[in-house]
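A closer look at the structure
Take a look at the letters that make up each chain.
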Amino acid sequence: MPLYLILDLLILAGPLALSFDRKVAFHRKWRFLWKGILVNMLIFIPWDIAFTSLGVWGFNEEYLIGITLWRLPIEEYLFFLVVPYACVFIYACLEVYFPTDRLFRWRKWIIGALLCLLAFLYLKYTGHIYTSVSTLYLSFVLLILLIFGRTDFFGRFFLAYLITLVPFAIFNGVLTAMPVVWYNDLENMGIRLGSIPLDDLIYNMGMLLIPVSFYVRESRK
């Protein structure tokens, strides 16, 4: 059964259908979206290929349609389209329906707390490839935002990220429980939320920051 493809399509279905809502009118903002998704794919697809080659994670062929490119199933490429699309859609909805960013004044404190947590995890799990690379990457992106003064969107992004954790728990829970995607726990923290490696929360935030930041920059030009 092509379960991974079904999950990809389910992730996309709701946001795509609601993109034509008159108030949000997200379909009119698509042109602000694709540059960030492309940059994201240029980062994460080579990362994904490398981790698959190293056995950090892998894919259960029983749940795939059987088309692969550079060791990755085609469903994985689709994942890097539908998940960022859904997250940016949530961010756009927050902009429209909740124009006041309640976390705006706390954004730098949140970033600072995240950087401290990431530093702790990096030091504690040095040598675990998934943890080390994910914490370093997210720390780098957060520091870039701070250095270049691009944090004004982060409060709303953080709220959008927290909202995405609900569908994330459902869909990623299925992916890792079946498992459609398996993980080598020697290369991560070895801590799971149900069947989901805790490292996925870090990876997910790092993956979503780029398309949202590009969307914000492009939409404000």
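Our structure is the block above this text.
Residues numbered from 1 in each chain as written. Predicted model: local features only at pLDDT ≥ 70, side-chain atom pairs only at ≥ 80, totals over all residues. Heavy atoms only, no water.

With that out of the way, let us pick up the nonpolar core. Core analysis: the largest hydrophobic core is formed by 72 residues, its most contacted members being Phe26, Trp57, Leu142, Phe154, Phe157 and Leu209. Looking at this core element by element, the count peaks at 15 residues for helix H3 (residues 74-97). (Core = buried A, V, L, I, M, F, W, Y, C linked by side-chain atoms within 4.5 Å. Buried < 20%, exposed > 50% of the residue type's maximum accessible area, 1.4 Å probe, protein only. Helix = DSSP H or I, 4+ residues; strand = E, 2+ residues; numbered from the N terminus.)

One way to put it is that helix H6 (residues 154-177) packs onto helix H7 (residues 199-219) with a least axis distance of 10 Å and a crossing angle of 130 degrees. Relative to H7, H6 is oriented oblique. Crossing of H6 against H7: the hand is right-handed. Facing H6, whose interface residues are Phe154, Phe157, Phe158, Tyr161, Thr164, Leu165, Phe168 and Asn172, H7 presents Asp200, Leu201, Asn204, Met205, Leu208, Leu209 and Val212. Residues that form the contact of H6 with H7 fall into these classes: eleven nonpolar, three polar and one charged. (Axes fitted to C-alpha atoms, helices over the stretch in contact; angles between N-to-C directions. Parallel < 35°, antiparallel > 145°, perpendicular 65-115°, else oblique. Left-handed = near helix turned anticlockwise from the far one by under 90°. Contact = heavy atoms within 4.5 Å. Nonpolar A, V, L, I, M, F, W, Y, C, P; charged D, E, K, R; others polar.)

Here we come to the layout of surface pockets. Put simply, the largest pocket is a space of about 500 Å³. Lining the largest pocket are 28 residues, with Ile11, Phe79, Val83, Phe168 and Asn204 positioned closest to its centre. For the lining of the largest pocket, the secondary structure elements donating two or more residues are helix H1 (3-18), H3, H6, strand S4 (181-183) and H7. Top contributing element to the lining of the largest pocket by residue count: H3, with eight residues. Considered class by class, the residues forming the lining of the largest pocket number 22 nonpolar, three polar and three charged. Counted as a void, the second largest pocket has a volume near 410 Å³. In terms of lining residues, the second largest pocket is bounded by 17 residues, among which Leu145, Arg150, Ser213, Phe214 and Arg217 are the most central. Among the secondary structure elements, those contributing two or more residues to the lining of the second largest pocket are helix H5 (129-147) and H7. Considering only residue class, the lining of the second largest pocket consists of eleven nonpolar, two polar and four charged. (1 Å grid on protein atoms, 1.4 Å probe; cavity = no way out; pocket = protein on both sides within 12 Å on 5 of 7 lines; lining within 4 Å. Points joined across faces, edges and corners; volume = space filled by probe spheres on them.)

A word on the pattern of salt bridges. The full count for this structure, using the stated rule, is four salt bridges. Put simply, Arg192 and Asp185 hold a salt bridge, and the shortest N to O gap is 2.8 Å. A relative accessible area of 30% means that Arg192 is categorised as partly exposed. Among the ionic pairs, Arg217 bridges to Glu218, the shortest N-O distance being 3.3 Å. You can call Arg217 partly exposed: its relative accessible area is 40%. What emerges from the salt-bridge pattern is a single network uniting Lys35, Arg217 and Glu218. (Salt bridge = Lys/Arg side-chain N within 4 Å of Asp/Glu carboxyl O.)

So, on to the packing of helix H2 (residues 34-54) against H7. Relative orientation of the contacting elements H2 and H7 amounts to 155 degrees, with a least axis distance of 7 Å. One element, H2, and the other, H7, form an angle in the roughly antiparallel class. Taken as a pair, H2 and H7 cross one another with a handedness that is right-handed. Of the residues in H7, those in contact with Lys35, Gly36, Ile37, Val39, Asn40, Phe44 and Trp47 of H2 are Tyr203, Gly206, Met207, Ile210, Pro211, Phe214, Arg217 and Glu218. Its residues placed into classes, the contact of H2 with H7 shows nine nonpolar, three polar and three charged.

Applying the stated criterion to the full structure yields 27 aromatic pairs. Site record: aromatic cluster; members linked through ring pairs are Phe44, Trp47, Phe51, Trp57, Phe79, Phe80, Tyr130, Tyr137, Tyr183 and Tyr203. Just above the ring of Phe104 sits the side chain of Arg107; from NZ or CZ to the centre is 4.0 Å. (Phe/Tyr/Trp six-rings, centres within 6.5 Å; stacked < 30°, edge-to-face > 60°. Lys NZ or Arg CZ within 6 Å of the ring centre and 35° of its normal.)

To continue, consider H1. Taking 1.5 Å per residue, 16 residues should reach 22 Å; H1 reaches 23 Å between its end C-alpha atoms and fits that length. Along its length, H1 shows its largest kink, about 30 degrees, at Leu12, and proline Pro15 lies within four residues downstream of that point. Each element contacted by the buried residues of H1 is listed here: strand S1 (57-59), H3 and H6. (Expected span 1.5 Å × (residues − 1). Bend = angle between axes of the 7 residues up to and from the residue.)

A few words on a nonpolar patch on the surface. On the surface, Phe140, Leu143, Ile144, Leu146, Ile147 and Phe148 cluster together into a nonpolar patch covering about 600 Å² of accessible area. Locating Leu146 in the fold gives a position in helix H5. Residue Leu146 is classed as partly exposed on the basis of its relative accessible area of 32%. (Patch = residues over 30% accessible without salt bridge, like charges linked within 9 Å, V, L, I, M, F, W, Y side chains within 5 Å. Areas by Shrake-Rupley, 256 points an atom, 1.4 Å probe, with all protein chains shown as cover.)

Remember, this is a structural readout, not a statement about activity or role.
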